[in-house]
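Overview (structure and organization)
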Amino acid sequence: MKKGAVQVICGPGKGKTNAAIGQAISAVSDHKSVIMIQFLKGNQETGRMDVLSRLEPEMKIFRFEKSAAFYESLSQEEKTEEMMNIRNGLNFAKKVMATGECDLLILDEILGIVDCGIISEEELIRQLETREGEMSLILTGKVLPKGLESYADHITYLEVVK
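Residues numbered from 1 in each chain as written. Predicted model: local features only at pLDDT ≥ 70, side-chain atom pairs only at ≥ 80, totals over all residues. Heavy atoms only, no water.

1. Considering helix α5 (residues 121-128)
What counts here: Working definition: with a 1.4 Å probe on protein chains only, accessible area under 20% of the residue-type maximum means buried, over 50% means exposed, and in between means partly exposed. Runs of E in the DSSP output that reach at least two residues are strands. Runs of H or I that reach at least four are helices, and both are numbered from the N terminus. This arc is taken over the directions from the axis of the helix to the C-beta atoms.
Residues of α5 that are buried: Leu124, Ile125, Gln127 and Leu128. Looking straight down α5, one finds its buried side chains confined to an arc of 160 degrees; they lie on one side.

2. What about the environment of tyrosine 157?
This is how it is decided: Two residues qualify as a contact provided that any one of their heavy atoms is within 4.5 Å of a heavy atom in the partner residue.
Within the secondary structure layout, tyrosine 157 lies in strand β6 (residues 154-157). Once the C-alpha coordinates of tyrosine 157 and proline 12 are considered, the two residues, 145 residues apart in sequence, prove to be 8.3 Å apart. The contacts of tyrosine 157, once residues within four sequence positions are left out, are Cys10, Gly11 and Pro12.

3. Observations regarding the nonpolar core
The condition that has to hold: Residues belong to one nonpolar core when they are buried, are Ala, Val, Leu, Ile, Met, Phe, Trp, Tyr or Cys, and are joined through side-chain atoms within 4.5 Å.
Formed by 33 residues in total, the largest nonpolar core has its most connected members in Phe39, Leu105, Leu107, Ile110 and Ile113. Elements that contribute at least two residues to this core include exactly β1 (6-10), β2 (34-38), α3 (76-99), β4 (104-108), α4 (110-115), α5 and β5 (136-141). Ranked by residues supplied to this core, first place goes to α3 with six residues. In terms of nonpolar packing, the next biggest core, distinct from the first, is built from 12 residues, Ile21, Val34, Leu104 and Ile106 among them.

4. Concerning the pattern of salt bridges
Test applied: Each reported salt bridge corresponds to a side-chain nitrogen of Lys or Arg within 4 Å of a carboxyl oxygen of Asp or Glu.
Scanning the model with the defined rule gives three salt bridges in all. The partner of glutamate 123 in a salt bridge is arginine 87, and the shortest N-O contact between them spans 2.4 Å. Note that glutamate 123 is positioned in helix α5 and arginine 87 in helix α3, a separation of 36 residues in sequence. Residue class for glutamate 123 comes out partly exposed when judged on its relative accessible area of 22%. Of the residues examined, arginine 87 reaches a relative accessible area of 32% and is grouped as partly exposed. Put simply, lysine 95 and glutamate 101 hold a salt bridge, and the shortest N to O gap is 2.8 Å.

5. Thoughts on α3
Formally: The span one expects for a helix is its residue count, reduced by one, times 1.5 Å.
Here α3 spans 35 Å end to end across 24 residues, near enough to the 34 Å set by a 1.5 Å rise per residue. Each element contacted by the buried residues of α3 is listed here: β2, β3 (59-63), β4, α4, α5 and β5. Glycine 100, located one to two residues past α3, shows a positive phi value of around 65 degrees.

Shown next as C-alpha cells:
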C-alpha cells in the first residue's frame, strides 16, 4: 500500500507549530481527518488550541503532559515524571500509526524529545516504520537528526532573519 508523505518542519525559528496547524486546516478543508499530538508544551491551555477545538471531530489535539510548565523549565524530578507521560503520548502515536486512524498525523515537537534524549533517533525511526496505509506525517522540532533526513519527503527549515 502506498505511504503518505513525511514532512519535517524544523529550525530555530518560530512558527513550526503554526505551519503544521496550517497544513492541518488544509487537510480538514479537504475532508481529511487529522490528529495532532503535542510534546514538550506542557498542558497549558492557549486561545489558539481553544479555537482549533472547533474543528473536532475532523481534527483532534492531544497533550499527555501534566505539568503546566514547559519541559525545559522543570526540575529533574518533574522531568522524570513527565517522561512517563511523554512515553504515553508516544505509545498513543504508535497506535495511531499502526491502525491508520487518521489521514494526517502531526507529531509536534517530536524532534525535541529526541534532542532532549527522552527517546533515541533509532527509536523514532522504528516508530516511523510502523506507519500503515496512506497516512501522512508532519514532524516538528528545532533539530532534525541527520539519520532522519532520509525518511522525510519534504524538509522545511525555519529561521528568524530579523
